There are 2 protein chains.
Amino acid sequence: MFYSISQVAKKFNLTAYTLRYYDKLGLLPTVGKSSSGLRRFSENDLNCVAMIECLKETGLTLKEIRDYFVLAVKGDETIDMRMQMMINQKKRIEDEIKSLRRNLKKIEFKIKYYQTAKDVGEANVYSEYPQMLAEHDKLFK
Amino acid sequence: MFYSISQVAKKFNLTAYTLRYYDKLGLLPTVGKSSSGLRRFSENDLNCVAMIECLKETGLTLKEIRDYFVLAVKGDETIDMRMQMMINQKKRIEDEIKSLRRNLKKIEFKIKYYQTAKDVGEANVYSEYPQMLAEHDKLFK
DNA sequence: ATAAACTTTAGAGTATACTCTAAGTCAAGA
DNA sequence: TCTTGACTTAGAGTATACTCTAAAGTTTAT
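Computed from a prediction, not measured in an experiment: that's the story for all the values here.

1. Some thoughts on the overall build of chain A
Assigned secondary structure in chain A consists of 7 helices and 2 strands. The order of α-helices and β-strands along chain A, N terminus first, is α-α-β-β-α-α-α-α-α. Counting only C-alpha atoms and orienting by the principal axes, one finds that chain A spans roughly 75 × 35 × 20 Å. In chain A, which comprises 141 residues, the share counted as buried stands at 40%. When contacts within chain A are restricted to residue pairs at least 6 apart in sequence, those whose partners lie at least 24 apart make up 47%. Put simply, chain A shows about 8,100 Å² of open surface, and 52% of that area lies on carbon and sulfur atoms. Charge-centre separation for chain A: the mean point of 25 positive side chains lies 4 Å from the mean point of 19 negative side chains.

2. Re the relation of the copies chain B and chain A
Aligned on chain A, chain B shows an RMSD of 0.0 Å; the corresponding rotation is 180° and the shift along the axis is 0.0 Å. Such a combination of rotation and displacement between the chain copies is what one expects of a two-fold axis. Scanning chain B for the C-alpha nearest the rotation axis identifies B:Ile97, at a separation of 3.0 Å. Most of the interface of chain B is mirrored in chain A: 100% of its interface residues are interface residues there too.

3. Let's talk about a positive patch on the surface
Together, A:Lys98, A:Arg101, A:Arg102, A:Lys105, B:Lys98, B:Arg101, B:Arg102 and B:Lys105 make up a positively charged patch on the protein surface. Looking at the positive patch, the elements that each hand over two or more residues are helix H5 (79-120) of chain A together with helix H5 (79-120) of chain B. With respect to the helices and strands, B:Arg102 occurs in helix H5.

4. Topic: a negative patch on the surface
Negative charge collects at one region of the surface, where A:Glu57, A:Glu96, B:Glu57 and B:Glu96 lie side by side. Secondary-structure assignment places A:Glu57 in helix H3 (residues 43-57). Owing to a relative accessible area of 38%, A:Glu57 belongs among the partly exposed residues under this scheme.

5. Remarks on the pattern of salt bridges
Oppositely charged side chains may form a pair once their charged atoms are brought near each other. Applying the stated criterion across every chain, the model contains 20 salt bridges over all chains. Between B:Lys141 and A:Glu43 there is a salt bridge; the shortest N-O distance is 3.6 Å. Linking B:Lys141 in the segment after helix H7 (130-140) with A:Glu43 in helix H3, this pair reaches from one chain into another. Since its relative accessible area comes to 57%, B:Lys141 is described here as exposed. The shortest N-O distance in the salt bridge between A:Asp137 and A:Lys141 comes to 3.7 Å.

6. What to know about the side chain of A:Lys106
With respect to the secondary-structure elements, A:Lys106 resides in helix H5. Buried charge A:Lys106 goes without a salt bridge, the closest partner of opposite sign being B:Glu57 at 5.4 Å.

7. Details of the protein's contact with DNA strand D
The full set close to DNA strand D counts 17 residues, and A:Tyr22, A:Ser36, B:Ser6, B:Lys33 and B:Arg39 are the nearest of them. Among the atoms of DNA strand D close to the protein, meaning within 4 Å, 74% are from sugar or phosphate groups. Between DNA strand D and A:Ser36 there is a distance of 2.6 Å, counted from a phosphate oxygen to a side-chain nitrogen or oxygen. In this structure, a phosphate oxygen belonging to DNA strand D sits 2.9 Å away from a side-chain N or O atom of B:Lys33. Those elements giving two or more residues to the surface near DNA strand D turn out to be helix H2 (16-25) of chain A together with helix H1 (5-12) and helix H2 (16-25) of chain B.

8. Observations regarding unusual backbone geometry
All names here are of chain A. Phi angles above zero are rare outside glycine, and asparagine 13 is one such case at about 55°. Relative to the helices and strands, asparagine 13 resides in the loop between helix H1 (5-12) and H2. When its relative accessible area of 73% is taken as the criterion, asparagine 13 is described as exposed.

9. Overview of the interface of chain B and chain A
With 40 residues of chain B at the contact, the number on the chain A side is 41 residues. In total, about 3,700 Å² of surface goes out of reach between chain B and chain A, with carbon and sulfur atoms giving 69% of it. Our count for the contact surface shared by chain B and chain A stands at 6 salt bridges. The interface formed by chain B and chain A holds 8 residue pairs in polar contact (both at pLDDT 80 or more) in total. For the side of chain B that touches chain A, the secondary-structure elements that each account for two or more residues are helix H3 (43-57), H5 and H7 of chain B. With 26 residues, H5(B) is the single largest residue contributor to the side of chain B that touches chain A. Residues that form the side of chain B that touches chain A fall into these classes: 18 nonpolar, 7 polar and 15 charged.

Definitions and cut-offs
- Residues numbered from 1 in each chain as written.
- Chains lettered and ligands numbered in written order.
- Predicted model: local features only at pLDDT ≥ 70, side-chain atom pairs only at ≥ 80, totals over all residues.
- Heavy atoms only, no water.
- Helix = DSSP H or I, 4+ residues; strand = E, 2+ residues; numbered from the N terminus.
- Buried < 20%, exposed > 50% of the residue type's maximum accessible area, 1.4 Å probe, protein only.
- Contact = heavy atoms within 4.5 Å.
- Areas by Shrake-Rupley, 256 points an atom, 1.4 Å probe, with all protein chains shown as cover.
- Lys, Arg positive; Asp, Glu negative; His and termini not counted.
- Charge placed at Lys NZ, Arg CZ, Asp CG, Glu CD.
- Least-squares fit on C-alpha atoms with pLDDT ≥ 70 in both.
- Patch = residues over 30% accessible without salt bridge, like charges linked within 9 Å, V, L, I, M, F, W, Y side chains within 5 Å.
- Salt bridge = Lys/Arg side-chain N within 4 Å of Asp/Glu carboxyl O.
- Near = heavy atom within 4 Å.
- Polar contact = N/O pair within 3.5 Å; in protein donor to acceptor, adjacent residues only side chain to side chain.
- Buried area = accessible area lost by both parts, 1.4 Å probe.
- Nonpolar A, V, L, I, M, F, W, Y, C, P; charged D, E, K, R; others polar.

This is the structure we're talking about:
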């Protein structure tokens, strides 16, 4: 079973432009062409696109994603390298989640600050509630 | 107490170029200048930079960050809008953490897949372990 | 058969976020 | 006084990731 470029675009919520761009950069090394030159996406190519999306969403550049697929095409001899790339990526995602959680605390503080400011009216929040200044400094300094 | 642009750059691991760029875009509306035209960063300006970093790391564009600071400069009448922005941002961060967690599972599957491939040698992992194909499809489809 | 819809390529254009250069200003130390 | 180093501006250049146009060829529906 094969898919046209616009069917794949629809499936992954991308544009055909973007898929052609990825192909041009070497991110879709196994996509074939029909006798008249139209791209034919196989199930394996769909898995490729799904993996591109996963790596992209977790912060890899398209160049890094291409490097990964270049290794994949070389076959079993590159399994160690690809595994190492995924181990590195796992670490990066875990670090990013930690960073987001730290920043989430800052945003939650800001919401609490604004709620307090609304409660106390025109007054200065930090002079009314000195412990909030301490909390601010702990989060932001 | 005031800081020069290079002191602030060092403190936040940014370059002076970047800080001038942020100033030009309107992200540092309260930074003053000395009589000879040199930027002087106050404690409040440092808090601004810390907030820019927080918002940037959680996915806001510089344009969106500027909009936030433009509201902040307008004073108490914009507190509701700023609070709403932070509530929206909290939601976005939570969604992003969920997305990263989903993608982390995919990366972890890949690592397990490669480990299995190494264990079974040249053989096809999915024909040896059909449940791994089911797991792949569950994660990626 | 033919019109509409889809695809191809090369290459140009856009948006974002820097990053740097050039030319000049200013303050402090030898 | 002069040199060094940090700062200023406007504006050019870079990297990334699309996004689109133009002109041509292909496929599908009536």
